[in-house]
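Geometric and topological summary
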Amino acid sequence: MSARVEFFFDLSSPWTCLAFHNLPGVLERTGATALYRPILVGGVFNAVNPAVYAAREQADNRRLQHSWKVLQDWARLAGVPMNFPSQWHPAKSIAAMRFCCALEEDQAALLRFAAAVFVSYFDRQENLDDPGVLAAVADAEGLDGAGLAAAAHSDPVKARLRANTDELIARGGYGSPTIFVDGDDMYFGNDQLPLVEAALKGIPR
């Protein structure tokens, strides 16, 4: 049976870190399975959501400032360390997401790597855009860090990341995480996971 949930994600997003942590509970309670799809969120923003960049430049943006407080509230509720923002924010994530694309066919390995990178970036405040850091994280998870670093520079992996990102844009996505249920029922962000669960349970709208 094909996965009912598609989880399009970029490792640089703290809200994605939370959703990544919380989604397995939704899957367990509903009996659904998920397919994890790496994207480059900067490519999405450039194409369809450039207002994100403008908001970041507004030092007195009340909504943005309050979002940091809400982020920490969610992190405490989920039991997820969130030492964020760090000196690397906003991080370039192209290296990390190419590592993920190199692992996409092995979903179990992808999940191990992604979980470990979230800890690296959002807990230990390591550089998400440093291939050496990423390779070390992969090695610690029993993966081939050097092999992944080499694969990340290959044309097929680069093309896969572009294709995943373009697919998300074409399907209406505008950021990370974007979650689809049964192909075309789209949700966005950690906050909408209760709606994802309701959709999976077939609760009438």
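The structure this text deals with has already been given above.
Before going into details, it helps to say that this report is about the structure given with it. Keep in mind that what you see is a predicted model, and the values were worked out from it rather than measured.

Our focus in this paragraph is unusual backbone geometry. The peptide bond linking H89 to P90 adopts the cis configuration, its omega dihedral lying at -5°. When you line up the elements, P90 lands in the loop between α4 (62-78) and α5 (94-103). A cis amide bond links S176 to the next residue, P177, at an omega of 0°. With respect to the element layout, P177 can be found in the loop between α9 (155-170) and β3 (178-181). In the Ramachandran plot, Q125 falls in the positive-phi region, its phi being about 60° despite a non-glycine side chain. What makes Q125 partly exposed here is its relative accessible area of 32%. Its identity is not glycine, yet D182 carries a phi of approximately 55°, on the positive side. Tracing the sequence through the fold places D182 in the loop between β3 and β4 (185-188). Of the residues examined, D182 reaches a relative accessible area of 45% and is grouped as partly exposed.

Moving on: the packing of α5 against helix α7 (residues 131-140). At a closest axis distance of 9 Å, the pairing of α5 and α7 adopts a crossing angle of 35°. Taken as a pair, α5 and α7 cross one another with a handedness that is right-handed. When α5 is examined against α7, the residues A95, A96 and F99 are found in contact with a partner set consisting of P131, L134 and A135.

Turning next to the sheet that holds β4. One open sheet accounts for four strands, arranged β2-β1-β3-β4; its pairing is mixed. Looking at which strands have only one partner, the edges of the open sheet turn out to be β2 (34-38) and β4. Strand after strand, the sheet turns through a mean of 20° between neighbouring axes, direction not considered. With respect to the sheet, helix α10 (residues 193-200) is in contact with β1 (5-9), β3 and β4, its orientation differing from that of β3 by roughly 10°.

Another aspect to go through is the packing of aromatic side chains. In this structure the tally under the stated criterion is 12 aromatic pairs. Ring centres of F8 and F180 lie 5.8 Å apart, and the angle between their planes is 80°; this geometry places the pair in the edge-to-face category. With F8 in strand β1 and F180 in strand β3, this pair connects stretches of sequence that are 172 residues apart. When its relative accessible area of 0% is taken as the criterion, F8 is described as buried. On the numbers, 5.8 Å between centres and 65° between planes, the contact of F20 with Y36 is edge-to-face. Placement of F20 in helix α1 (residues 14-30) and of Y36 in strand β2 is noted, with a sequence separation of 16 residues between them. Given a relative accessible area of 11%, F20 falls into the buried group. Directly above the ring of F180 sits R171, whose terminal nitrogen or CZ lies 4.1 Å from the centroid.

As a further point, take the layout of surface pockets. In this model, the second largest pocket occupies a volume close to 160 Å³. For the second largest pocket, the full set of lining residues is C17, F20, H21, G79, V80, P81, A115, F118, V119, F122 and D123. Going through the elements one at a time, α1 and α6 (107-122) are the ones with two or more residues in the lining of the second largest pocket.

Criteria and thresholds
Residues numbered from 1 in each chain as written. Predicted model: local features only at pLDDT ≥ 70, side-chain atom pairs only at ≥ 80, totals over all residues. Heavy atoms only, no water. Helix = DSSP H or I, 4+ residues; strand = E, 2+ residues; numbered from the N terminus. Buried < 20%, exposed > 50% of the residue type's maximum accessible area, 1.4 Å probe, protein only. Axes fitted to C-alpha atoms, helices over the stretch in contact; angles between N-to-C directions. Left-handed = near helix turned anticlockwise from the far one by under 90°. Contact = heavy atoms within 4.5 Å. Pairing = 2+ DSSP bridges. Phe/Tyr/Trp six-rings, centres within 6.5 Å; stacked < 30°, edge-to-face > 60°. Lys NZ or Arg CZ within 6 Å of the ring centre and 35° of its normal. 1 Å grid on protein atoms, 1.4 Å probe; cavity = no way out; pocket = protein on both sides within 12 Å on 5 of 7 lines; lining within 4 Å. Points joined across faces, edges and corners; volume = space filled by probe spheres on them.

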